[in-house]
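Given next are the chains, with one letter for each unit.
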Amino acid sequence: MAEEPSSKVLVAGGGVAGLAAVRALQAAAPGHFDVELITPQRHVTTRSLDAGPPFLRATTARVELAELAGELGFRFTRDALEAVDPGARELLTQGGAQRFYDTLILALGTRPAVAVEGTVPFRGLEDLGAVVAALEPVASMAYVARSANMWTPPLYEVALQTAAWAAHRGVALRVLVVTAERTTDPLSARLLASGIGLMDETVVERFHDGRLELAGGGTISAEIAVALPHLVGRAVSGLPPGAANGFTDVDETGRVTGVEDIYAVGDMTGSRLLAARQAGLAADAIAARAVV
Ligand SMILES: Cc1cc2nc3c(=O)[nH]c(=O)nc-3n(C[C@H](O)[C@H](O)[C@H](O)COP(=O)(O)OP(=O)(O)OC[C@H]3O[C@@H](n4cnc5c(N)ncnc54)[C@H](O)[C@@H]3O)c2cc1C
């Protein structure tokens, strides 16, 4: 006879980390958990940028969460977490619903904030149109990553695509990348081979009046500058204040510091571990405590 699910797990957040947590829990203790995913959006989408002239293709793979829930055997509620009461093991949603849990997994991602004053923000596909529109009338532009603690591949990808776009149109456009991190040799070679100027291990403080102002002093001219956002965590009402920049403080298994049976995974923890790895560690810890 099939085992009845005996432990109620709420997962708040339907991005990579939330879905990875659902899968990891199901793998760690098949049939043991009654899982409900609460997230405001209908779809899960990939964030990868597909290269292709004349510019990045604005296509994303989208999967209906309701469909996925049916296939994988979890419940899906389209709503958002409003607050948590850890003492009562209760979650309140923005839609006014109450849910009780044995274990709560938070996977709420981050919020983008302006990283470099005066720049055009680039968070991914959603900002591509604005970036292309800003490029049209200029002869020089810079792409900026202010901190080494950012997801930088999209910045290099969009810089390479900008150079390809200019070449394709026969437009004279000087493209420069200024990044706080140290770039690898293959990446540097690829950028330089595409005619892109590169300044790595360089921090930009702000962009003002056609000039990038550098942390170490000095300026670089560019007609426009596009920067990756600074990501900040999402504070959760009812939980103790977390680490710097609103990130949630967790131990090595993802358990939220100072409360019982609440875990956090993915970008909201500020960890550099991949979301799927964090979700796996949390699922193993939850299964070890729940299945005796
Ligand atoms: C352009 C781009 C490309 C990237 N490419 C890659 C890549 O190739 N490989 C890689 O490893 N990483 C990549 N990343 C980074 C990767 O996207 C993140 O590390 C990953 O998405 C983090 O997943 P997450 O689930 O923590 O957060 P998110 O994916 O941001 O998901 C957060 C979820 O929480 C939901 N949510 C928010 N508030 C609430 C609330 N109050 N209640 C309930 N739900 C809520 C949101 O709707 C969302 O579903 C890329 C990032 C960008 C910007």
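From a predicted model like this one, the values you see are computed outputs, not experimental measurements.

**Student:** Help me understand helix 1 (residues 16-28), please; the structure alone is not making it clear to me.
**Tutor:** Because an α-helix packs 3.6 residues into every turn, residues spaced three or four apart end up facing the same way. Over its 13 residues, helix 1 extends 18 Å from the first C-alpha to the last, a length consistent with the 18 Å expected when each residue adds 1.5 Å. Among the residues of helix 1, Ala17, Gly18, Leu19, Ala20, Ala21, Val22, Ala24 and Leu25 are the ones counted as buried.

**Student:** Sorry if this is basic, but what is going on with the sheet that holds strand 8 (residues 98-100) here?
**Tutor:** Through backbone hydrogen bonds, the strands of a sheet pair up, either in parallel or in antiparallel fashion. As summarised here, the arrangement of the three strands in space is 6-7-8, forming an open sheet in which the pairing is antiparallel. Whereas interior strands pair on both sides, the edge strands pair on one side only; in this sheet they are strand 6 (81-85) and strand 8. Looking at each pair of strands side by side, their axes are set apart by 25 degrees on average, direction ignored. Bridging between strand 7 (residues 90-93) and strand 8 involves three bridges; their strand directions are antiparallel. Directly across from Leu92, in strand 8, lies its bridge partner Gln98.

**Student:** I tried to follow the sheet that holds strand 17 (residues 219-221) on my own but got confused; where do I start?
**Tutor:** Pairing in this open sheet of three strands is antiparallel, and the strands run 15-16-17 from one edge to the other. Each edge of the sheet is formed by a strand with only one pairing partner; in this case those strands are strand 15 (204-208) and strand 17. Recorded for the sheet is a direction-independent mean angle of 20 degrees between the axes of neighbouring strands. One ladder, built from four bridges, connects strand 15 with strand 16 (residues 211-214); its direction is antiparallel. Bridge pairing in strand 16 links Val204 to Leu214.

**Student:** What am I meant to see in the nonpolar core here?
**Tutor:** For soluble globular proteins, nonpolar side chains are generally found buried alongside one another. Grouped together as the largest cluster of nonpolar side chains are 42 residues, with contacts concentrated most on Met141, Tyr143, Leu173, Ile196 and Leu212. By residue number, the principal contributor to this core is helix 4 (residues 153-169), which donates eight residues. Sequence-distant contacts of Tyr143, defined by excluding residues within four places in its chain, comprise Val131, Leu135, Leu155, Val158, Ala159, Thr162, Val175, Leu176, Val177, Val178 and Val226. Grouped together as the second largest cluster of nonpolar side chains are 29 residues, Phe33, Val44, Phe74 and Ala107 included.

**Student:** Looking at this structure, I do not really get the side chain of Asp127. What am I missing?
**Tutor:** For Asp127, the location among the structural elements is in the loop between strand 11 (120-121) and helix 3 (128-135). Exposure remark for Asp127: the relative accessible area of 7% places this residue in the buried category. With residues near it in sequence (within four places) discarded, Asp127 still touches Pro121 and Phe122.

**Student:** Can you walk me through the domain arrangement of the protein chain in this structure?
**Tutor:** Put simply, an interface is often sized by how much accessible area is lost when its parts join up. Looking at the protein chain, the domain boundaries give domain 1 (7-110 + 233-290) and domain 2 (113-230). Computed over C-alpha atoms, the centres of domain 1 and domain 2 are 32 Å apart.

**Student:** Can you walk me through helix 4 in this structure?
**Tutor:** Helix length check: helix 4 (17 residues) gives 24 Å between terminal C-alpha atoms against 24 Å at 1.5 Å per residue, within 8%. For helix 4, the complete set of buried residues consists of Pro154, Leu155, Tyr156, Val158, Ala159, Leu160, Gln161, Thr162, Ala163, Trp165 and Ala166. Packed against the buried residues of helix 4 are helix 3, strand 12 (140-145), strand 13 (174-179), helix 5 (185-193) and strand 18 (224-227). Directly after helix 4, the chain includes Gly170, whose backbone phi takes a positive value near 70 degrees.

Analysis parameters
- Residues numbered from 1 in each chain as written.
- Predicted model: local features only at pLDDT ≥ 70, side-chain atom pairs only at ≥ 80, totals over all residues.
- Heavy atoms only, no water.
- Helix = DSSP H or I, 4+ residues; strand = E, 2+ residues; numbered from the N terminus.
- Expected span 1.5 Å × (residues − 1).
- Buried < 20%, exposed > 50% of the residue type's maximum accessible area, 1.4 Å probe, protein only.
- Pairing = 2+ DSSP bridges.
- Axes fitted to C-alpha atoms, helices over the stretch in contact; angles between N-to-C directions.
- Core = buried A, V, L, I, M, F, W, Y, C linked by side-chain atoms within 4.5 Å.
- Contact = heavy atoms within 4.5 Å.
- Domains from an automatic or database assignment.

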